[in-house]
Amino acid sequence: LLHEAANRSLDMTIERIGRERFEIALKDFRRRLAMVHEQCTLKGRVILPCSDEGVKQRKASKLSCYFEDIGCGHKCIDEVVALQKNRRRSA
């Protein structure tokens, strides 16, 4: 029931702002998400509380996360966003 209500609300919001505008924004979001994933996750700039092998690494992850496993990678995300803003200003 909650899932249906959320979907209905999302559909109404998309209808209100326009499907084309929504699709453009979604495409931009996905592009930025892929960029952050590539720069922060695939290049190993984010240390998570558990390694890919399942080994705990809480001490190492403290610099990468706000608290425990919350907000991991925030510094890298901020850097990627700032770099993109600077590139747009320069262009």
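Quantities reported herein were computed from a predicted structural model and do not represent experimental measurements.

Rules and cut-offs
- Residues numbered from 1 in each chain as written.
- Predicted model: local features only at pLDDT ≥ 70, side-chain atom pairs only at ≥ 80, totals over all residues.
- Heavy atoms only, no water.
- Helix = DSSP H or I, 4+ residues; strand = E, 2+ residues; numbered from the N terminus.
- Rg over C-alpha atoms; globule rule 2.2 N^0.38 Å.
- Buried < 20%, exposed > 50% of the residue type's maximum accessible area, 1.4 Å probe, protein only.
- Lys, Arg positive; Asp, Glu negative; His and termini not counted.
- Charge placed at Lys NZ, Arg CZ, Asp CG, Glu CD.
- 1 Å grid on protein atoms, 1.4 Å probe; cavity = no way out; pocket = protein on both sides within 12 Å on 5 of 7 lines; lining within 4 Å.
- Points joined across faces, edges and corners; volume = space filled by probe spheres on them.
- Nonpolar A, V, L, I, M, F, W, Y, C, P; charged D, E, K, R; others polar.
- Salt bridge = Lys/Arg side-chain N within 4 Å of Asp/Glu carboxyl O.

Caption draft 1: Representation of the overall build of the chain within the structure. In terms of helices and strands, the chain carries four helices and zero strands. In the chain, the succession of helices and strands from N to C terminus is α-α-α-α. Over its C-alpha atoms the chain spans a radius of gyration of 18 Å, topping by over 25% the 12 Å that the globule rule assigns to 91 residues. Along the first, second and third principal axes, the C-alpha set of the chain runs to 45 × 45 × 20 Å. In the chain, which comprises 91 residues, the share counted as buried stands at 19%. Here the chain contributes 19 positively and 13 negatively charged side chains, and the mean placements of these two sets differ by 6 Å.

Caption draft 2: Representation of unusual backbone geometry. Positive phi, normally seen in glycine, also occurs at Glu-68, with a value near 50°. Along the chain, Glu-68 turns up in the loop between α3 (58-61) and α4 (74-90).

Caption draft 3: The layout of surface pockets, seen in detail. The space that makes up the largest pocket amounts to roughly 250 Å³. No other element matches the four residues that helix α2 (residues 19-42) contributes to the lining of the largest pocket. Partitioned by chemical class, the residues of the lining of the largest pocket number eight nonpolar, six polar and one charged. Put simply, the second largest pocket is a space of about 210 Å³. Of the residues belonging to the lining of the second largest pocket, the class tally is seven nonpolar, one polar and four charged.

Caption draft 4: Local environment of the pattern of salt bridges. With the rule as written, the count across this model stands at four salt bridges. Glu-23 serves as the salt-bridge partner of Arg-19, at 3.3 Å between the closest nitrogen and oxygen. Residue Arg-19 and its partner Glu-23 are located together in helix α2, separated by four residues, close to a single helical turn. A residue is classified by how much of its surface remains accessible, and Arg-19, at 48% relative accessible area, is partly exposed. Judged by relative accessible area, Glu-23 falls into the partly exposed class, the value being 36%. A salt bridge links Arg-32 to Asp-28; its shortest N-O distance comes to 2.9 Å. Within this pair, Arg-32 and its partner Asp-28 are both found in helix α2, separated by four residues, close to a single helical turn. According to the relative accessible area criterion, Arg-32 is partly exposed, its value standing at 36%. The exposure class assigned to Asp-28 is partly exposed, which follows from its relative accessible area of 27%. The structure contains a network of salt bridges with shared partners spanning Asp-28, Arg-31 and Arg-32.

Coordinates in, geometry out; function isn't part of it.
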